[in-house]
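Inside the fold
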Amino acid sequence: MRIERIELHTIGMPLVRPFETSFGRQTERQVLLAHVVADGVDGWGECVAGTTPDYSSEYVDGCRIVIERFLAPVLLAANDVTAAALDGLFAGVIGHRMAKATLEAAVLDAELRSTGTSFGERLGAVRDRVECGVSVGISPDIETLLAEVEGYVDEGYRRIKLKIKPGWDLEPVARVREVIGSLPLQVDANTAYTLDHVDHLRRLDEFGLLLIEQPFVEEDIAAHVLLADSIETPVCLDESITSTGIAIDAIERGATSIVNIKPGRVGGYLEAVSIHDACRSLDVPVWCGGMLETGIGRAMNVALAALPGFALPGDTSASGRYFAEDITEPFVLDDGYLSVPTGAGSGVEVRHDLLRHWALTEPVVLS
Ligand SMILES: CSCC[C@@H](NC(=O)CCC(=O)O)C(=O)O
Ligand SMILES: [Mg+2]
């Protein structure tokens, strides 16, 4: 395909409630969206980076600059672009996986819309709906936490994930375990702990958790190996897993026995499928992580979560978990599941009225 135009939209969507993790608290989701026009066909991609570089080193404004200055010119200069060729086309830019993934998703969306193929068909979905978990932020107090969790259980979520950090871990986990009984439960530390906490983290073993997600910093694979050897709860990596090679290395070293796959973190959906395939060959279950995506990224993530190796409920929650209104038709939970979109490409359409309503800047138009 020939990329005729690329538009970059930056919007701010209010959250239905604050979302707090070990690295910060947000009340709005600032989102960078890429709209490509290729051979007259529209494609949309969503950047998973946050407003500030607090989950990883990328952030919204930085991604927009990298796309505008380094990635978009490569696409606009190429005669025939395919999503599969982007790895090579972008090889001159080191890192910036979230920026690259934004364009990969948009190009893939346009490619698939032009052939009438859905994301699920292209990626290898084997299910028509996916089991959904929900991520629960750090609360001001235990009672507020329990009320939020009870609401999600009533909505039908099939797995609860609690954000934890030093000082907010054992008690909230114990109290939530009391309330939800045997419903699957896991925790996510977003790198907040160190090896000094191993004995403390071992105390989580009594709650029968599915996993503990990313207790230590992204780069410290060795520390996760030591922890995995010291506790019963399976260790799951998120921030650390930025490519297929790193996933294989972390698994073979014993640092992780479950992998959280986020297409935006690893450079796109095709790399996400490659990690899925590698984990399957190593008998390691994976699940689809979330980055508070709008319906654009959510649609694509739900399609990915329908692949055979996605054996655990993901952070593929309903749109209403974060947004009172979504920029696509909302994803609505049905008995704890979300249906995999069947339309061409992502299968969803963007609501341009809301794009304009929530615009934080004028769109950047590159051609
Ligand atoms: C701003 S926190 C985003 C990263 C976090 N994501 C979630 O907790 C799930 C968010 C979602 O439901 O999309 C994670 O580390 O897994
Ligand atoms: Mg995580």
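Rules and cut-offs
Residues numbered from 1 in each chain as written. Chains lettered and ligands numbered in written order. Predicted model: local features only at pLDDT ≥ 70, side-chain atom pairs only at ≥ 80, totals over all residues. Heavy atoms only, no water. Donors = N, O, S within 2.8 Å, 3.2 Å for Na, K, Ca; no water. Helix = DSSP H or I, 4+ residues; strand = E, 2+ residues; numbered from the N terminus. Buried < 20%, exposed > 50% of the residue type's maximum accessible area, 1.4 Å probe, protein only. pLDDT = per-residue confidence, 0-100. Axes fitted to C-alpha atoms, helices over the stretch in contact; angles between N-to-C directions. Parallel < 35°, antiparallel > 145°, perpendicular 65-115°, else oblique. Left-handed = near helix turned anticlockwise from the far one by under 90°. Contact = heavy atoms within 4.5 Å. Nonpolar A, V, L, I, M, F, W, Y, C, P; charged D, E, K, R; others polar. 1 Å grid on protein atoms, 1.4 Å probe; cavity = no way out; pocket = protein on both sides within 12 Å on 5 of 7 lines; lining within 4 Å. Points joined across faces, edges and corners; volume = space filled by probe spheres on them. Domains from an automatic or database assignment. Pairing = 2+ DSSP bridges. Phe/Tyr/Trp six-rings, centres within 6.5 Å; stacked < 30°, edge-to-face > 60°. Near = heavy atom within 4 Å. Polar contact = N/O pair within 3.5 Å; in protein donor to acceptor, adjacent residues only side chain to side chain. Areas by Shrake-Rupley, 256 points an atom, 1.4 Å probe, with all protein chains shown as cover. Sits in = over half its atoms within 2 Å of the grid points. Salt bridge = Lys/Arg side-chain N within 4 Å of Asp/Glu carboxyl O.

Protein coordination at the magnesium ion (ligand 2): the donors are D188 (OD), E213 (OE) and D238 (OD), at 2.1 to 2.3 Å from the metal. Within one chain, the residues serving as donors to the magnesium ion (ligand 2) are arranged as D-x24-E-x24-D. Residue D188 is located in strand β7 (residues 185-188), and its partner E213 is located in strand β8 (residues 212-213); the two are separated by 25 residues in the primary sequence. For the residue pair D188 and E213, the accessibility class agrees, reading buried in each case.

Once that is clear, we can look at the confidence of the model for the protein. Taken residue by residue, the protein gives an average pLDDT of 98. The fraction at 70 or more is 100%. Overall fold confidence (pTM) sits at 0.98, and the ipTM for the predicted complex is 0.99.

Bringing the packing of helix α1 (residues 60-77) against helix α3 (residues 97-115) into the picture now. Look at α1 against α3: their axes get within 9 Å of each other, and the N-to-C directions meet at 50 degrees. When the axis of α1 is compared with that of α3, the two are oblique. For the pair α1 and α3, the sense of crossing is right-handed. Here C63, V66, I67, L71, A72 and L75 of α1 come into contact with α3, specifically with M98, A99, K100, T102, L103 and V107. Looking at the contact of α1 with α3 residue by residue, the class counts come to ten nonpolar, one polar and one charged.

Another point: the layout of surface pockets. Which parts of space are left empty comes out when a probe the size of a water molecule is rolled across the atoms. Taken as a whole, the largest pocket holds about 500 Å³ of empty space. If you go around the largest pocket, you meet 32 residues; those closest to its centre are F19, T21, F23, Q26 and L292. When residues in the lining of the largest pocket are grouped by element, the largest group, seven residues, is from strand β2 (residues 24-38). Grouping the amino acids of the lining of the largest pocket by side-chain chemistry returns eight nonpolar, twelve polar and twelve charged. When residues of the lining of the largest pocket are assigned to domains, at least three map to each of domain 1 (3-116 + 349-366) and domain 2 (121-339).

Attention shifts here to the environment of A223. Within the fold, A223 resides in helix α8 (residues 221-228). Look at A223 and you get buried, because its relative accessible area is 2%. Sequence-wise, A223 and A255 are 32 residues apart; in three dimensions their C-alpha atoms are separated by 7.8 Å. Leave out the neighbours within four places in its chain, and A223 touches L195 and F216.

Right, let's get into the sheet that holds β2. Reading across from one edge, β3-β2-β1-β13 is the order of the four strands in this open sheet, with antiparallel pairing throughout. Lying at the two open borders of the sheet, with one neighbouring strand each, are β3 (41-47) and β13 (364-366). Neighbour to neighbour, the strand axes of the sheet diverge by 25 degrees on average, direction disregarded. Summarising the sheet, strand β1 (residues 3-21) and β13 pair through three bridges and their orientation is antiparallel. The residue of β13 that forms the bridge with L8 is V364. On top of the sheet, α3 reaches β1, β2 and β3; it is set at about 150 degrees to β3, its chief contact.

Another aspect to go through is the pairing of β2. Across 14 bridges, the pairing between β1 and β2 is antiparallel. When the bridges of β2 are listed, H9 appears paired with L33. With antiparallel pairing between neighbouring strands as the criterion, β2 and β3 make up a hairpin whose turn holds two residues, including D39 at a positive phi of roughly 50 degrees.

The next subject is the packing of aromatic side chains. Throughout the structure, instances matching the rule amount to five aromatic pairs. The interplanar angle of 85 degrees and the centroid separation of 5.5 Å between the aromatic rings of F119 and Y269 together place this pair among those described as edge-to-face. A residue pair is termed long-range when its members are at least 10 positions apart, and F119 in helix α4 (residues 119-123) and Y269 in helix α11 (residues 269-281) qualify at 150 residues. The rings of F19, Y322 and F323 are connected pair by pair, giving a single aromatic cluster.

Attention now moves to the site of ligand 1. The immediate surroundings of ligand 1 are formed by 19 residues, with S135, K161, N190, L292 and Y322 found nearest. In this structure, an oxygen atom belonging to ligand 1 sits 3.0 Å away from a side-chain N or O atom of D188. Between ligand 1 and the protein, one listed contact pairs an oxygen atom with a side-chain N or O atom of E213 at 3.3 Å. In isolation ligand 1 offers 440 Å² of accessible surface; the protein chains occlude 97% of this area. Using a 2 Å cut-off from the grid points, one finds that ligand 1 occupies the largest pocket.

Once that is clear, we can look at the pattern of salt bridges. Side chains that carry opposite charge are capable of pairing whenever their charged atoms lie near each other. This structure, assessed with the given rule, holds 21 salt bridges. Residue D335 pairs with R158 through a salt bridge whose shortest N-O separation is 3.4 Å. Placement of the pair is D335 in the loop between α12 (295-304) and β12 (337-339) and R158 in the loop between α5 (142-155) and β6 (160-163), with a sequence separation of 177 residues. Of the charged contacts, one joins K161 and D315 as a salt bridge, the two residues approaching to 2.6 Å between their closest N and O atoms. One end of the pair, K161, is in strand β6; the other, D315, is in the loop between α12 and β12, with 154 residues separating them in the sequence. The burial state of K161 is the same as that of D315; both residues are buried.

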